[in-house]
Structure formats: C-alpha cells, structure tokens
Amino acid sequence: YNENNNNERRKNNMGKSAAKIRRNIARAAARGETYTPPESSQDRSMSKIRGGDNATGTSQSEEIADEAIRAKSAAAEKLERALSRLESNPEDLNAKERRSAKRKAEAIAVEESGCDGVAHLMEWYERHKASSSNATGGKKKRSRQSSDQASAALQQLSEEDKTKLESAKKLSASIAELDKDGNLNAKERRSAKRKAEAIAAEETGTAATELLEWYKQFVPPAADKFDSKGKKIPYIVFVGQLSYSTTSDMLYDHFHSTLGSDVISKETVKIRLLTDSKTKKSRGMAFVELESPETMYECLKMHLTHLDGRRINVERSAGGGATAKKAKISSFRESQSNYISETMDHILSGFVKNGEVLPEELDEGVISLCKRHSATVVEAALKEYVQEKKERKAKKESLGEKEEEELRNPSAFLTHMIGRIAE
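Quantities reported herein were computed from a predicted structural model and do not represent experimental measurements. Here the residue numbers are simple positions, counted from 1 along each chain's written sequence. For a predicted model such as this one, the threshold for reporting local features is a pLDDT of at least 70, and the threshold for listing and counting side-chain atom pairs is 80 or more; totals across whole chains, interfaces and linings nevertheless cover every residue. Each side-chain value is derived from all of the structure's non-hydrogen atoms; neither hydrogens nor water enter the calculation.

Participant: Quick question: what am I supposed to make of the overall build of the chain here?
Facilitator: In terms of helices and strands, the chain carries 16 helices and 6 strands. Burial classes follow relative accessibility: with a 1.4 Å probe on protein chains only, a residue under 20% of its type's maximum area counts as buried, one over 50% as exposed, and anything between as partly exposed. Within the chain, the fraction of its 423 residues that count as buried is 37%. In what follows, a contact means two residues having at least one pair of non-hydrogen atoms within 4.5 Å. Taking the intrachain contacts of the chain between residues at least 6 apart in sequence as the baseline, contacts between residues at least 24 apart amount to 70%. Only the protein chains shown count as cover for residues, and all accessible areas are computed by the Shrake-Rupley method using a 1.4 Å probe. When the accessible surface of the chain is summed, it comes to about 25000 Å², and 48% of that surface belongs to carbon and sulfur atoms. Runs of E in the DSSP output that reach at least two residues are strands. Runs of H or I that reach at least four are helices, and both are numbered from the N terminus.

Participant: When you look at the pattern of salt bridges in this model, what are you seeing that I'm missing?
Facilitator: Pairing between side chains of opposite charge can happen when the charged atoms of each approach one another. Salt bridges are counted wherever a side-chain nitrogen of Lys or Arg sits within 4 Å of a carboxyl oxygen of Asp or Glu. Following the criterion strictly, the structure yields 10 salt bridges and no others. Across the pair Lys280 and Glu188 runs a salt bridge whose closest N-O atoms are separated by 2.4 Å. In this pair, Lys280 is assigned in the loop between β2 (269-275) and β3 (282-290) and Glu188 in helix α9 (residues 186-204), connecting sequence segments 92 residues apart. One salt bridge connects Glu384 with Arg420, and the closest N-O pair in it is separated by 2.4 Å.

Participant: What is the right way to read the environment of Thr206 from this model?
Facilitator: Among the structural elements, Thr206 can be located in the loop between α9 and α10 (208-216). Residues Thr206 and Lys164, spaced 42 residues apart in sequence, show a C-alpha to C-alpha distance of 8.9 Å. Apart from residues lying up to four places away in sequence, Thr206 is in contact with Lys164, Ala201 and Leu211.

Participant: Help me understand the side chain of Lys164, please; the structure alone is not making it clear to me.
Facilitator: Inspection of the secondary structure puts Lys164 in helix α8 (residues 159-180). Classification of Lys164 by relative accessible area gives buried; the value is 18%.

Participant: Hey, could you run me through unusual backbone geometry in this one?
Facilitator: For residues other than glycine, phi is negative in most cases, and the peptide bonds are mostly trans. A positive phi angle, close to 65°, is found at Gln241, a residue other than glycine. Within the secondary structure, Gln241 is located in the loop between β1 (235-240) and α11 (248-259). Located in the positive-phi region is Asp308, a residue other than glycine, with phi close to 55°. Along the chain, Asp308 turns up in the loop between β4 (306-307) and β5 (310-311).

Participant: Could you clarify how one ought to interpret the side chain of Thr275 in this entry?
Facilitator: Mapped onto the fold, Thr275 is located in strand β2. Apart from residues lying up to four places away in sequence, Thr275 is in contact with Asn183, Asn185, Lys280, Lys281, Ser282 and Arg283.

Participant: Even after reading the chapter, I still don't get the pairing of β3, so can you show me in this structure?
Facilitator: The two faces of a sheet get side chains in turn, since along a regular strand they alternate between them. Two strands make a pair as long as DSSP finds a minimum of two bridges between them. In this structure, β1 lies alongside β3, joined through 5 bridges in antiparallel fashion. Paired with Tyr235 across the strands is Leu290, a residue of β3. Relative to β3, β2 runs antiparallel, the two sharing 6 bridges. Paired with Leu273 across the two strands is Ala286, which belongs to β3.

Participant: Please explain the nonpolar core as it appears in this structure.
Facilitator: Considering soluble globular proteins, one finds that nonpolar side chains tend to be buried as a cluster. The biggest cluster of nonpolar side chains holds 25 residues, and the ones touching the most others in it are Val239, Leu251, Phe255, Ile264 and Leu290. Of all the elements in the fold, those that place two or more residues in this core are β1, α11, β2, β3 and α12 (293-299). Considering every element that reaches this core, the biggest residue donor is α11, with 4 residues. With residues near it in sequence (within four places) discarded, Leu251 still touches Val239, Leu242, Thr246, Ile271, Ala286, Val288 and Leu307. Nine residue types can take part in a nonpolar core, namely buried Ala, Val, Leu, Ile, Met, Phe, Trp, Tyr and Cys, and a core is a set of them joined through side-chain atoms within 4.5 Å. By size, the runner-up hydrophobic cluster in this structure holds 22 residues, among which are Ile367, Leu369, Val378 and Val386.

Participant: Would you explain the environment of Tyr252 in this entry?
Facilitator: If you trace the backbone, Tyr252 turns up in helix α11. Between the C-alpha atoms of Tyr252 and Val269, which are 17 residues apart in sequence, the distance is 8.5 Å. Residues within four places of Tyr252 in sequence aside, it is in contact with Ile264, Ser265, Lys266, Val269 and Ile271. In protein, a polar contact means a hydrogen-donor-capable atom and an acceptor-capable atom, both N or O and within 3.5 Å, with residues adjacent in sequence counting only if both atoms are side-chain atoms; elsewhere, any N or O pair within 3.5 Å suffices. At 3.2 Å, the side chain of Tyr252 and the backbone nitrogen of Lys266 are in polar contact.

Participant: What's the story with the pairing of β1 in this structure? I'm lost.
Facilitator: Bridge analysis of β1 against strand β6 (residues 313-316) gives 4 bridges, and the strand direction is antiparallel. For Val239, the partnering residue across the bridge sits in β6 and is Val314.

Participant: Explanation requested: the confidence of the model for the chain in the structure shown.
Facilitator: Caution applies to low-pLDDT parts of the model: their predicted coordinates are not meant to be read in detail. Confidence scores labelled pLDDT are given residue by residue by the predictor and lie between 0 and 100. Residues at a pLDDT of 70 or more form 70% of the chain, whose mean pLDDT is 75. Across the chain, the element-wise mean pLDDT spans from 45 in helix α3 (residues 41-49) up to 93 in β3. Low pLDDT, under 50, characterises residues 5-16; the stretch is placed with 10 contacts to residues that sit more than four places away or in other chains. Within the model, the stretch residues 40-55 combines pLDDT values under 50 with 26 contacts to residues more than four positions away or in other chains.

Participant: Please clarify how the packing of aromatic side chains should be interpreted in this entry.
Facilitator: Only Phe, Tyr and Trp rings are paired, with Trp represented by its six-membered ring, and only when their centres lie within 6.5 Å; those with planes under 30 degrees apart are stacked, over 60 edge-to-face, the remainder tilted. Scanning all chains against the criterion turns up 2 aromatic pairs. Relative to Phe413, the ring of Tyr385 lies with its centre 6.4 Å away and its plane at 45°, an arrangement referred to as tilted. With Tyr385 in helix α15 (residues 375-399) and Phe413 in helix α16 (residues 410-422), this residue pair connects regions lying 28 residues apart in the sequence. The two residues Tyr385 and Phe413 agree in class, both being buried. The cationic tip of Lys266 hangs over the ring face of Tyr252; the distance from NZ or CZ to the ring centre is 4.1 Å. One Lys or Arg, Arg316, reaches over the ring of Phe332 and ends 3.8 Å from the middle of that ring. For a Lys NZ or an Arg CZ to count as sitting over a ring, it must be within 6 Å of the ring centre and within 35 degrees of the ring normal.

The structure is reproduced here in structure tokens:
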C-alpha cells in the first residue's frame, strides 16, 4: 500500500503545472527554503537535446524566487517608512486620520508583497532582512547566463523542434496582441485565444499550455513586475454607471484632468471599455488597468464623480471563482465605503476646526448626502456654503437687513448646493 501511495505522489508531482511550481518556489522562498521542481518527461527530453544541461530551468526558478523576495522586501521597507512618517506626524493628523492612513499603507504593502497580511509580511521581513539586501546583485548575472544557455540550446534543436519553436513564437505573439487589443470584449478575446491555441496545437501536435512552457525555456525572461507567485501584477479598477455615449478617451480625460498628469498618463494607464459583442456599442462599463497600487488607490477617489451626465462608480476589481470574487468585491466595497466616510468626516472636521461651520450646524441627513458624493463635489459645495454665509452676515451687519437674510435652514441650503455642483 505504501509503495503504491508513494508512486501516486510521484505521479502527481510529475504533473504539476508551471503555475503550481512557481507558487511552491515563492512559498519556499518566504520560509527561507529552496524548492526544487520535479523533472517532467518533457524536461528529460529537453535535457537530452541540451546534453543533460538543466541549468536554464534552475536559473529561471531561482529568478522567480529572488523576484518574490525582493518584492516582499521592498513592500516591507516602504511600509516601515510610511509608518515612521505617521508616527512623527508632520502633517498634524488626528488619531482617526492616522488610523485611516495606516490602514491604506498596510493595504498597499499587502498588495505589493502578495502576503496574507501585514503581520505575516513584517514577520517575514524581520527574518530575512540580511538575505533580502543581498538578493539584488545576482539577477543580471543569472539573466545573462539564462540567455546564453537558451542560445546554446537553440543551436542544438532538430529541424522538427525549430518548426515547433516558430509555432510557439507565433502563438505567444498572438496572445500578447490579443491582451493589448482594447476593442475586444472578454468573450471575443477568449474565443480568439482558443482559436490561436488550436492552430498551434494542430501544427505541433502539442497542447498549447505545454507548448508555451516549452517555448519559455528559449526566451530570456522579460523585465516585467511580478508578485510573489510569479504572476504579472494587475492593479485594476472597475468603472460602472457610465453613459453609453462615453468613450475611452472621455474616461481617460476625466481621470487625467482630476488626478493630474503625475498620477495618470497614457503610459501608465490602459482603459478597456466593455462593448456588446453584436452591436459593438458600449455597455456602460470599463476596466482601468494601472501600474501600481498607489495609482489604483488614487483612482478610487473618482468614485461618485460626474462624467457625461452620469454619477459613476469606481471600485476595485477582483478575480477568482464566482464565490471568491463575490466575497472579495464585498470586502473591497466595505473598505471603500469606510474610506469615503472617513474622508468626508475629515473634510467636515476641517471646516469645523477653522470655525467656518459650527459642530451641530448640519443635520445627519445632509452629512449622509455628503458621503454619497465625491470629495471634490462636497468640498466645493462647503466652500460656497461658507462664502454665502459670510456674505449674508456682512450684508445684515452693514445694511441692517432683516434677520431672515441669514440662513434659516443651513442643511437644506447645503443640500441644494451639492445637487447644483454635482450636475
């Protein structure tokens, strides 16, 4: 029984996908260990082609592990700096504002590191400080070695394998182009990918996934940003409630004009407007892909802003299965709602602190309304409201106007101003 069980385990290990192997490498690196992927039949055949040299596969595995360590180290160092700044409090934040800023910094660190939580990240960082600082030096050397070994392997390929390599190269390029094509919706993109994979499989007699993994052994690794699992980091926000007439350029201009060119530019943002597969018309939704978690959080400030006559929703996107995706989105929405609430409290408390608004001047109804609009709209409305109060007070004092000239219902007046500015 034990022998059969061990054989079954070996069989399962031999069938591990590249994604599973990358995950195991990253997890082992986090523990300070080294994971050696099991050799598949394909790896053994490649070893024969290269005369038994497995250095390329080992080098790629080490590079993924080093990338994971560096990503965690950088995230932990940035979090330490942010927390240290909050501790010194040069911006004179109150306790509630510091807590909010701390949660945001921790959320960004978790995103960048791929860890389960802040406690896990900082515990890892303390254990691996010394090794992390020494990890950077060897990357370029290993990359050059990997490239040289790939070139040597190419020279030893048979004519049949060279034809296979051309098919794999064409498939890889086709998939990359489809990923960049913003005119395709998700269904069309999947269909086009399946078609390209079927053609490559027919030409080579090899499954598309296996073919692409084989092809990677001959291509030097790209200088993309990866998370701890070896996957390219996607920082994506979902934009809903768009007008059907809103274009990708209009959405870009809206984000760019509000957040500024130091946050949003053509080079750092990719917008994919979702369209109907038959009519090709907009479905009133879009995905905005960004390069960093900081930019993603800045874009969340566009939530509830007005564009093309509509008040739009801007929320974090989530992947995974239906159940996991639903749970993530629910968590993201709750976090975003808390953030908006705290932002509005901060704006209102600023006006109260400056003596421009009295503590009990506005009722709960208008405060709740403020939290359903963007910070830009609310701040502009409050400034106009305060200015109007000052003008009416000055008019009453200088001209002896009736008492009715003062605001008799401040909350109703501010409600009116918020509606007017939002439109």
